[in-house]
Amino acid sequence: MRSSLVCTVAAAGVAAAATGCWRHPQQIDPVAAVAREDIGLPVLSLRWKRVIADHRDEFAAQEFATAAVAFDRVYIGSRAGVLYALDAADGSVVWKRAIGATSAQPVVDRGRLYVGTDDGYLLCLDTFDGEEKWRYAGHGAVVRPPVVGDELVFFSDDADEVFAVDRETGTYRWQFKVDMPEEFTLRGHAGVAVAGDLLFTGFANGTVAALRTATGSVAWMTSIKGKADRFVDVDSHPTIVGDTLWMASAAGGVHALDAATGLVKWKLEVEGAGTVVADGDTLYFAAADEGLFSVDDAGHVRWRQGTRGGGEPADPVVTGRYAVFALSDAGLYVTDKRTGRVYQYFDPGHGVSATPAVAGDRMYVLTNGGILYAFDLRRFDG
C-alpha cells in the first residue's frame, strides 16, 4: 500500500510553509512519526499567522506556550518574553506587554489574565490593556496554567511547590512543598487541578497528592513511580472525572486513582507517558516514540498511532471527532479519535512543542519557529 507524509493543508500559505517533509513510500516503519495513508479529509485551512518570537537564527529552538482564547481575543506568550493580546479574527495586535519568558498557557477569568513565567512568577494582568495588577514570586518556573477559584488562585512550580494566593491581591494564603530528588529530574511539573475541596498535583519524586484547598494540608499521598529509581517525575497535568483521577509517571506509566483515597484502580505501564485527556469513556495520552494512545476507562488499549523519530510529544487535544497532537520535531497531526487514522499533517519546518488550543472551529498553535498559526478547523458529521 502506498504511504505518504501529508505535507499540505487546504490553504496555500500553509503548504508553502511545509518543506522538506517527503518520505519514501516503501518500507515505512509502522510506528514511525509519518502518516501511513493519503489524506482522508481536508481538515485545516489557514486563517492567519503572526510572528510571536523570531528564532530564525537559533538552532533547535523550542516554544511551549499554549494560547488562551476568550472574548474574541487570543493571549499568547513565548520565550521572547512578550505577552500578546491578538484579535482572534485577523491576528492584529490589541496590546502587548513584556513579562519575561513564558511557557505556560494563560487563564482568563472575570476580566483578569493569570499567567506563569519561566523565571518563577505568577502574574495577574488586566485583559483590557495588559496592566499588571499583581505578581507573586515562587522558586521555579511556572509552566502549567493556574486554577482560579472564587477567592484563591492555585498554582505550582518546578521546584515542587504548590501555592494558594488571594485572587484579588496576590497575597499569600498557603504553600506546600516536597523535597526534590537529588538526582536529575525532567523538565516541567504537573500543574494542579481542583475538584470540590481537594487540589490534585504530582511531584518529581514520583508521588501524587491531594491537598485540602482551604489549608494546603495533605488529604492523601500515593507513589506511582513503580520499581524505577530514576526519572520517576509526575509531570502530567491531573485529569479528574467523577471519582477517578488520572496521572502519569515518566517511569511508572499511567495510573487511575480513586480521587477520595489515592488508591490505585489500575495502571498501564507505558514509559514516558504524559497528560491523560478524557473524552467520555475513552482516554488519550502521548509518550515519546511510543506514540499517541487511545485506551478505554479500564486501561485497555484501543489503538496507537506511532511517533518514533518525531520528537517529544505535547499534551494531546480532543475536539469533536479529532484527536490532535504535536511533536517537537515532526509537527502537528490531526487524527480520527475513533481509529487513530491521520487526516492531516502540518510540518512548519521547526516542529511543534506546544499544545494546540481549540476554541469553537478555530485552532491556534505556536511553532518552535515562534510563529502562531490560526487555522479554521473543518467539522464533519459522523
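About the thresholds
Residues numbered from 1 in each chain as written. Predicted model: local features only at pLDDT ≥ 70, side-chain atom pairs only at ≥ 80, totals over all residues. Heavy atoms only, no water. Helix = DSSP H or I, 4+ residues; strand = E, 2+ residues; numbered from the N terminus. Polar contact = N/O pair within 3.5 Å; in protein donor to acceptor, adjacent residues only side chain to side chain. Core = buried A, V, L, I, M, F, W, Y, C linked by side-chain atoms within 4.5 Å. Buried < 20%, exposed > 50% of the residue type's maximum accessible area, 1.4 Å probe, protein only. Contact = heavy atoms within 4.5 Å. Pairing = 2+ DSSP bridges. Axes fitted to C-alpha atoms, helices over the stretch in contact; angles between N-to-C directions. Salt bridge = Lys/Arg side-chain N within 4 Å of Asp/Glu carboxyl O. Phe/Tyr/Trp six-rings, centres within 6.5 Å; stacked < 30°, edge-to-face > 60°. Lys NZ or Arg CZ within 6 Å of the ring centre and 35° of its normal. Lys, Arg positive; Asp, Glu negative; His and termini not counted.

### Structural notes on the environment of Y345
And step 1. Relative to the helices and strands, Y345 resides in strand 29 (residues 342-346).
And step 2. Each C-alpha atom of the pair Y345 and V324 lies 9.9 Å from the other, and the pair is 21 residues apart in sequence.
And step 3. A polar contact is formed between the side chain of Y345 and the backbone oxygen of A330, at a distance of 2.3 Å.

### Focus: the nonpolar core
And step 1. One finds V43, L44, Y322, V324, L332 and F375 to be the most contacted residues of the largest nonpolar core, which totals 19 residues.
And step 2. Where this core is concerned, the elements lending two or more residues are strand 27 (322-327), strand 28 (331-336), strand 29, strand 31 (362-366) and strand 32 (371-377).
And step 3. Tallying contributions element by element places strand 32 first for this core, with four residues.
And step 4. Every residue in contact with L332, bar those within four places of it in the chain, is listed here: L44, V324, F325, A326, Q344, Y345, F346, V352, P356, M363 and V365.

### A short note on the pairing of strand 20 (residues 253-258)
And step 1. Most of strand 20 is tucked away, with five of its six residues classed as buried.
And step 2. As judged from the six bridges shared by strand 19 (residues 244-249) and strand 20, these two strands associate in the antiparallel manner. Looking at strand 20, one finds that M247 is bridged to H255.
And step 3. Counting the residues between successive antiparallel strands, the hairpin from strand 19 to strand 20 contains three residues.
And step 4. Pairing between strand 20 and strand 21 (residues 264-268): four bridges, direction antiparallel. Looking across to strand 21, one finds that H255 is bridged to K267.

### Section: the sheet that holds strand 29
And step 1. The sheet built from four strands is open, its strands ordered 26-27-28-29 with antiparallel pairing. The open sheet has two free edges, formed respectively by strand 26 (317-319) and strand 29, since each of these has just one partner strand. Going from strand to strand, the sheet's axes swing by 20° on average, the running direction of each strand aside.
And step 2. Pairing between strand 27 and strand 28: six bridges, direction antiparallel. Across the sheet, A323 pairs through a bridge with T335, a residue of strand 28.

### Comments concerning the pattern of salt bridges
And step 1. The full count for this structure, using the stated rule, is 18 salt bridges.
And step 2. Notably, a salt bridge pairs K265 with D243, separated by 3.3 Å at the nearest N-O pair. Of this pair, K265 sits in strand 21 while D243 sits in the loop between strand 18 (239-241) and strand 19, placing them 22 residues apart in sequence.
And step 3. Judged by relative accessible area, K265 falls into the partly exposed class, the value being 39%.
And step 4. With a closest N to O distance of 2.9 Å, D376 and R362 form a salt bridge. Taken together, the residues D376 in strand 32 and R362 in strand 31 connect sequence positions 14 residues apart.
And step 5. Of the residues examined, D376 reaches a relative accessible area of 21% and is grouped as partly exposed.
And step 6. Sharing partners across several salt bridges, the network here consists of R112, D126, E131 and K133.

### What about the packing of aromatic side chains?
And step 1. Per the counting criterion, the structure on display carries 17 aromatic pairs.
And step 2. Geometrically, the ring pair formed by F285 and F293 is stacked, given 4.9 Å between the ring centres and 5° between the ring planes.
And step 3. Seen from their ring centres, Y333 and Y345 are 4.7 Å apart, and the 50° between their planes marks the pair as tilted. With Y333 in strand 28 and Y345 in strand 29, this residue pair connects regions lying 12 residues apart in the sequence. For the residue pair Y333 and Y345, the accessibility class agrees, reading buried in each case.
And step 4. Through a chain of ring-to-ring contacts, the aromatic side chains of Y136, F155 and F163 assemble into a single cluster.
And step 5. Its guanidinium or amino end placed over the ring of Y121, R135 lies 4.9 Å from that ring's centre, counting from NZ or CZ.

### Notes on the sheet that holds strand 13 (residues 172-177)
Strands pair in a sheet through their backbones, by hydrogen bonds, and they do so in one of two ways: parallel or antiparallel.
And step 1. The strand order across the open sheet built from four strands is 10-11-12-13, with neighbouring strands paired in antiparallel fashion. In the strand order of this sheet, the two ends are held by strand 10 (147-148) and strand 13, each with one partner.
And step 2. Bridge count between strand 11 (residues 152-157) and strand 12 (residues 161-166): six bridges; the pairing is antiparallel. In the strand pairing of strand 12, L152 is matched with D166.

### Digging into the environment of A357
And step 1. Examined against the element boundaries, A357 turns out to sit in strand 30 (residues 357-359).
And step 2. Its relative accessible area of 8% is what places A357 among the buried residues.
And step 3. Sequence separation between A357 and V69 is 288 residues, and the spatial gap between their C-alpha atoms is 7.9 Å.
And step 4. Filtering out sequence-adjacent residues up to four positions away, A357 remains in contact with T66, A67, R362, M363 and Y364.

### Focus: the side chain of R73
And step 1. Here R73 is to be found in strand 3 (residues 73-76).
And step 2. Despite its burial, R73 remains without a salt bridge, the nearest opposite charge being carried by D126 at 6.9 Å.
And step 3. A distance of 3.2 Å separates a polar atom in the side chain of R73 from the backbone oxygen of F128.
And step 4. Discounting residues that sit within four places of it in the chain, R73 has contacts with A68, L86, A88, V94, W95, T127 and F128.

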